[in-house]
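This is what each chain is made of:
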Amino acid sequence: MARGADQRMGTGSVARRGAARDAERITLRQLCRLGLPGPLLLPTLLPALRQVVPASHAGFFFCDERGSILNLYAERLLPPNDMAAYHDRHNDEQFRRQYLARVAAPSPVSRRSVSAEERASAYYREVLAPLGIEHFLYGIVRHRQHVVGQLSLYRGADQPPFDEHDATQLADVLHYL
């Protein structure tokens, strides 16, 4: 009888969601503790992370102290010629400058959505629109106070923007990465 009352009141489903969220965090922590190099781990890690913070796709950018991309793993990529054009036309303004600002920020997690001004730009037409990106959630990953790079989670125009709850969820697991 009590179980029926719990189901009618929705507490059973809340408990199941909480247990599922805990299991997703445990999986994420276990993956990160395997000791595998990032490039080997990321194809499994990013989908697990997207179970903790819902997103359509994700990427990780390994960067140096100047904000130059040394390596990356992304679940979606532009075609090779378009990727080369991105680096030639947009990397300094659209990635490096914003990345360095995020590294210097007091919080390792930030979020944003495409602005109307950005939507009218070549960067949006050439990079964001083809990748289906409208909303961003960023996490700066550090290891022993040294910045390793940036985790980027993405949502499309048909999905809601990342909110404070999403940012908190990412902040709560960022130390595992």
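Procedures and definitions
Each chain has its residues counted from 1, running along the sequence as written. Per-residue local features of the predicted model are confined to residues with pLDDT of at least 70, and side-chain atom pairs are confined, for both listing and counting, to 80 or more; whole-chain, interface and lining totals are unaffected and use all residues. Side-chain metrics rest on all non-hydrogen atoms present in the structure, leaving aside hydrogens and water. Whether two aromatic rings pair depends on their centres lying within 6.5 Å, for rings of Phe, Tyr and Trp, where Trp uses its six-membered ring; planes under 30 degrees apart make the pair stacked, over 60 edge-to-face, and the rest tilted. Numbering of helices and strands starts at the N terminus; helices are DSSP runs of H or I of at least 4 residues and strands are runs of E of at least 2. A simple rule labels every residue: compare its accessible area, found with a 1.4 Å probe on the protein chains alone, to the largest value its type can have, and call it buried under 20%, exposed over 50%, or partly exposed in between. Here, over-ring charges are defined by two tests on the NZ atom of lysine or the CZ atom of arginine: distance to the ring centre within 6 Å, and angle to the ring normal within 35 degrees. Pairs of N or O atoms within 3.5 Å make up the polar contacts considered here, provided that, within protein, one atom can donate a hydrogen while the other can accept it, and that residues adjacent in sequence are counted only when both atoms are side-chain atoms. For this analysis, residues touch if any pair of their heavy atoms sits within 4.5 Å. Between Lys or Arg on one side and Asp or Glu on the other, a salt bridge is scored when a side-chain nitrogen of the former is within 4 Å of a carboxyl oxygen of the latter. Pairing between strands is defined by DSSP: at least two bridges between the two strands are required. By nonpolar core is meant a set of buried Ala, Val, Leu, Ile, Met, Phe, Trp, Tyr and Cys residues that side-chain atoms within 4.5 Å join together. An arc is given here, and it is the one of the directions from the helix axis to the C-beta atoms.

Q: I would appreciate a short explanation of the packing of aromatic side chains in the present structure.
A: How two aromatic rings sit relative to each other is given by the distance of their centres and the angle of their planes. Counted under the stated rule, the structure contains 5 aromatic pairs. Note on Phe 61 and Phe 95: the rings are 5.1 Å apart at their centroids and 40° apart in plane angle, and the pair reads as tilted. Here Phe 95 lies in helix H5 (residues 91–104) and Phe 61 lies in strand E1 (residues 57–63), a separation of 34 residues in the sequence. Judged by its relative accessible area of 5%, Phe 95 is buried. Taken together, a centroid distance of 6.0 Å and an interplanar angle of 75° make the contact between Phe 136 and Tyr 154 edge-to-face. Taken together, the positions of Phe 136 in strand E4 (residues 135–143) and Tyr 154 in strand E5 (residues 146–155) put the pair 18 residues apart, joining distant regions of the chain. Assigned by exposure class, Phe 136 and Tyr 154 land together as buried. Here the aromatic residues Phe 61, Phe 95 and Tyr 99 are joined through ring pairs into a cluster of three or more. Sitting over the ring of Phe 136, Arg 112 keeps its end group 4.0 Å from the ring centre. Looking at Arg 119, its charged tip hangs above the ring of Tyr 124, at a distance of 5.9 Å from the centre.

Q: Explain the side chain of His 57 to me, please; I cannot follow it from the model alone.
A: Position of His 57 among the secondary structure elements: in strand E1. Accessibility expressed as a relative area gives 3% for His 57, which makes it buried. A distance of 3.4 Å separates polar atoms of two side chains, one belonging to His 57 and the other to Arg 76. From its side chain, His 57 meets the backbone oxygen of Leu 131 in a polar contact 3.3 Å long. If we skip the residues at most four places from it in the chain, His 57 touches Arg 50, Glu 75, Arg 76, Leu 131, Gly 132, Ile 133, Ser 152, Leu 153 and Tyr 154.

Q: Just checking my understanding: could you explain the pattern of salt bridges for this structure?
A: Where charged atoms from two side chains of opposite charge approach closely, those side chains can pair. Within this structure, the stated rule accounts for 6 salt bridges. The shortest N-O distance in the salt bridge between Arg 50 and Glu 75 comes to 2.9 Å. Residue Arg 50 is found in helix H3 (residues 38–52), and its partner Glu 75 is found in the loop between strand E2 (69–74) and helix H4 (80–89); the two are separated by 25 residues along the sequence. Linking Arg 66 and Asp 64 is a salt bridge whose minimum nitrogen-to-oxygen distance equals 3.1 Å. Among the residues examined, Arg 66 registers a relative accessible area of 51% and is labelled exposed. Exposure remark for Asp 64: the relative accessible area of 13% places this residue in the buried category.

Q: What is the right way to read the pairing of E2 from this model?
A: Regular strands show a simple pattern: their side chains alternate between the two faces of the sheet. The pairing of E1 with E2 spans 5 bridges and is antiparallel. Considered in E2, the bridge of Phe 61 is made with Leu 72. What sits between the antiparallel neighbours E1 and E2 is a turn of 5 residues, in which Gly 67 has the positive phi angle 90°.

Q: Can you walk me through the nonpolar core in this structure?
A: Soluble globular proteins: nonpolar side chains tend toward being buried together. The biggest cluster of nonpolar side chains holds 21 residues, and the ones touching the most others in it are Val 53, Leu 137, Leu 151, Leu 153 and Leu 170. Setting aside chain neighbours within four positions, we find Leu 151 in contact with Leu 46, Leu 49, Gly 59, Phe 60, Leu 137, Tyr 138, Gly 139, Val 141, Leu 170 and Leu 177.

Q: When you look at helix H7 (residues 122–131) in this model, what are you seeing that I'm missing?
A: Residues of H7 that are buried include every one of Tyr 123, Tyr 124, Val 127, Leu 128 and Leu 131, and no others. Angular distribution of buried residues about the axis of H7 spans 120°; they occupy a single face of the element. More than 90 degrees from the buried face of H7, the exposed residues found are Arg 125 and Pro 130. Where H7 terminates, the next one or two residues include Gly 132, which has phi positive at roughly 70°.

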